[in-house]
Amino acid sequence: MTAHGPQTPHTVGSRPSRSALAVLGERALENLIRLSGVSAIFFVLAIFFFVFREAAPVLVSDSFSLKEFLFSVEWYPTSDVNVRYGILGLIVGTACVSGLAVLIAVPFSLGSAIFIAEFCGPRLREGLKVVIELLAAIPSVVWGFIGLTVMSRLIVAVTGAPVGVNVLNGGIILALMCVPIITSIAEDALKAVPDSYREAAQALGATKWQIVYRVLLPAAKNGLLAAVLLGVGRAVGETMAVLMATGHAVHIPRSLLDSVRTLTANIAAELGEASVNSEHYRVLFLTGVLLFLITFMINLTADLVVRGVRRER
Amino acid sequence: MAREPVAPVDPAVRFCETVAGRRHRRSEAFARGVFLTMAAAMVLPLLLLVTYLIVRAAPALSLEFLLDVPRRGMRAGGIWPALVGTVYLVLGALVVSAPIGVMAAIYLKEYARDNAFHRTINMAVINLAGVPSIVHALFGLGAFVYAARFGYSIISASLTLAIMTLPVIITSTREALNAVPQAFREACWNVGATRWQTIRGVVLPNSISGILTGVILEVSRTAGETAPIMFTGAVFFKAVQRGDLLPYGLNDQAMALSMHLYTLSTQVPDVPEALPYATAVVLLGTVLTMNALSIVLRFWLRTRKKW
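A few points about the overall build of chain A
Looking only at helices and strands, chain A features 13 helices and two strands. The globule rule puts the C-alpha radius of gyration for 313 residues at 20 Å, and the 25 Å found for chain A is more than 25% above it. With the C-alpha coordinates of chain A rotated into their principal frame, the extents come out at 80 × 65 × 35 Å. Among the 313 residues that make up chain A, the fraction classed as buried is 45%.

Quick look at the structure:
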C-alpha cells in the first residue's frame, strides 16, 4: 500500500483462527516479497561491485595511469612493445555517434509525440502507439544488421564514401532506435499537461500551432527534457547496433563519413580476445565502470528533472 | 440627399469564414501536416524495413531452414540449434526473473509505503533498465561465470538476461496491479482478510492477465538480446544433431538466434546473401509476434474490463 487508503488492514475484532503453519507460511512469503522488493537495489549495487572488482587491480598497477586512460587517444591494447590504453578516441566516438543520433531523433520524436498527443483521433493514436511499441521492440542486433547491409549500401551510393559503416550510419541507426523511446515518454509528458491549459488558450482564440509552442512545450518542458535524456542514455549504452554499423577505427573522426568505435562496441569487440585477468581485460572492465557511471548519471538527472515537475504541480 | 440603401448581405457570404478564421484554419492544417509528416517518418521505416528484409530473405525461408542444422561452416543449412538455444535461454531467464519481478512489483504496490526507501527502489529499477547491455555482460562474466563458477553456460547467460529484463516485468506488473481498484482491496480487508489473503484472493486474480502481458513482453525482449549472452554462454557454433529437441544441458554453451545473426553477418566470410536475411526475419518475426500478442491481449483486457 502506498499513500492512499488505510495503512493497515482491519485488525479489530477476532479473526477466524488459522493453523500456525498457514500463518507461518504467510509470514515467510511476505518476507520473500520484501526481499524481492529490494532486489533491484541489490542488483544495481551488485553490477557495480562485480564489474568494479574485475577492474580494480589495474587502478593500482604501476604501468597504468588514469590520466592517460581518460585523455589519451592511443589505444594499442595488444601491441608487443608499446601497450597503450587511451580511450579518448572511444569517448569521442561515443559522443559523436550518440550526439548525431539525438540530433536526428529529437525533432522527429517530439514532432510525432505532439502529433499523437494533440492532432490525431483516438483510432490513429492507438495505431501509432502500437507502431511505436513494435519499433521499440526490434532487437539491436537486427538494427545492426540493417546498418551493415541496407544502410551502408545506401550511404555509399548517396555520398560516395569508401566505406558505408561510419559515424553517419551509426547515427541514423541509433536515431531510429531512440525515436520510439523519446516519442513515448514525450507523449506521456504532453498528456500530463492539464486540459485546462489547452482550453484557456483555445478560448483566447489561439490556433493549435500557437497552443503547441506557446502553451504545451513550456508546460511540458521538464518531461520532454527527461525524454531526451533517456534517449541519450539509450544511445550511449547501445552496443550491438553500433558495433556492426560504425566500423572499427579507434580515432577521433574528422567527418561524418569516418569510421569510429564507441566505448560499448570496443568492449564487445575485444573482450573475447583479451585473456582473463590480463591488464587489457581489466581495462575493458574499467571502461564498463565508466559506462555504468555515465548512464547512471544520465538516468539520475532524468529522474530529478521529472521529480522537479511533480513538485511544481 | 437620400442615403444610399445598404446592400443586403448575401446570405451565402454571411456565414463565410472571416480572413482571420481562414488564417486560423490554414495554420491549423499546416501544423497538422507538419506533425503528420513526422509521425509518418516514424511508421514508414518500420514497414519498409520489414518488407525489404522479407523480400531479401525469401529465397532461404522455408520450414527446412528452421529445422535443419547449419552446414558447410554455416554457409548452408538452417538455424535449428540457434532456435532451440534461444528457447533455452529465454525459459531460463523467465524462470528466474518472472517470480522475482512479480514479487518485487507486489512489494512496491501492496507493501511499500511512500517514503524515501520506496523512491530509492524506483530509482534502482529505472537505473537497472538504463544500464548498457554490454555492462550487463561484464557483470554476468564477473559474477556468474567466474565468481559463482557457473562457467560459460546457459545458466550464466540466462541469469544475466534475467537481471537485465527484470525492470520490464516489474514495470508492467506494477501497472497491472495499479489497474485493480483500491476499493476491491478495502472491501477485502474489511471482511478481515490479511494483506496476503487480499493479494492472493482479490488483487492477483484481477490482474493476472495484465501480468501475463508483461511476461510475454519480457520473452520478446529476452529473445532479441545479444550483448549480454555473447560472453556468458552463447557460442558461434555448436554441433547438434538434426531435429534434436533437447540438444543442450544447462551447463553447456548454446547457440542463440541473435548471436547467430551477428556471427553470420560479421564473422563468417562468403555467406550466401539470403541466409543472414532469413535469420534476421526469423528473429524479428519471433520478437514482433510476441509483442503483438501482448498488445492484443492488452486491448482485449481493456474491452473486457468491468470497472
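Observations concerning the overall build of chain B
When helices and strands are counted, chain B shows 12 helices and two strands. Tracing chain B from N to C terminus, the helices and strands come up as α-α-α-β-β-α-α-α-α-α-α-α-α-α. Against the globule reference of 19 Å for 307 residues, chain B gives a C-alpha radius of gyration of 28 Å, more extended than a compact globule. When the backbone C-alpha atoms are referred to their principal axes, chain B occupies close to 110 × 65 × 35 Å. Classification of the 307 residues of chain B by burial places 48% in the buried group. Of all intrachain contacts in chain B linking residues separated by at least 6 positions in sequence, the fraction that spans at least 24 positions is 76%.

Digging into the interface of chain B and chain A
Taken together, the contacts link 80 residues of chain B with 76 residues of chain A. Per element, the largest residue contribution to the side of chain B that touches chain A is 16 residues, and it comes from helix α2 (residues 19-57) of chain B. For the side of chain B that touches chain A, the class distribution of residues is 52 nonpolar, 19 polar and nine charged.

Description of helix α2 (residues 39-60) of chain A
Residue and element names in this part refer to chain A. Spanning 22 residues, α2 covers 31 Å between terminal C-alpha atoms, matching the ideal 32 Å at 1.5 Å per step. In the structure, α2 departs most strongly from a straight axis at R53, where the bend amounts to approximately 40 degrees and where the proline P57 lies between one and four residues downstream. Taken residue by residue, α2 has S39, A40, F43, V44, I47, F50, V51, E54, A55 and V58 as its buried positions.

Examining the nonpolar core
In this structure, I173, L174, C178 and I182 of chain A together with L89 and A280 of chain B are the most contacted members of the largest nonpolar core, which totals 186 residues. At 18 residues, the largest contribution of residues to this core is made by helix α4 (residues 80-111) of chain B. With residues up to four places along the chain from it excluded, the contact list for I173 of chain A reads W143, I146, G147, M151, A241 and A245 of chain A.

Notes on helix α5 (residues 122-137) of chain A
Compared with an ideal rise of 1.5 Å per residue, which puts 16 residues at 22 Å, α5 of chain A spans 23 Å between its outermost C-alpha atoms and is within 8% of the ideal. Regarding α5 of chain A, the residues found buried are L128, I132, L135 and A137 of chain A. Residues of α5 of chain A that are buried make contact with α4 (88-119) and α7 (167-191) of chain A together with α2, α9 (195-224) and α12 (274-304) of chain B.

Side note on the environment of C188 of chain B
Residue and element names in this part refer to chain B. Positionally, C188 belongs in helix α8 (residues 182-190). Measuring from C-alpha to C-alpha, the distance between C188 and A254 comes to 48 Å, with 66 residues separating the pair along the chain. Apart from residues lying up to four places away in sequence, C188 is in contact with A193, T198, G201 and V202.

Some details on the confidence of the model for chain B
All names here are of chain B. Put simply, chain B has an average pLDDT of 84, and 93% of its residues get 70 or more. Mean pLDDT per element in chain B: helix α1 (residues 11-14) is the minimum at 63, and helix α7 (residues 154-178) is the maximum at 91. Scoring the predicted complex yields pTM 0.86 and, for the interface, ipTM 0.87.

Rules and cut-offs
Residues numbered from 1 in each chain as written. Chains lettered and ligands numbered in written order. Predicted model: local features only at pLDDT ≥ 70, side-chain atom pairs only at ≥ 80, totals over all residues. Helix = DSSP H or I, 4+ residues; strand = E, 2+ residues; numbered from the N terminus. Rg over C-alpha atoms; globule rule 2.2 N^0.38 Å. Buried ≥ 20, exposed ≤ 12 C-beta atoms within 10 Å, placed from the backbone. Contact = placed C-beta atoms within 7 Å. Nonpolar A, V, L, I, M, F, W, Y, C, P; charged D, E, K, R; others polar. Expected span 1.5 Å × (residues − 1). Bend = angle between axes of the 7 residues up to and from the residue. Core = buried A, V, L, I, M, F, W, Y, C linked by C-beta atoms within 7 Å. pLDDT = per-residue confidence, 0-100.

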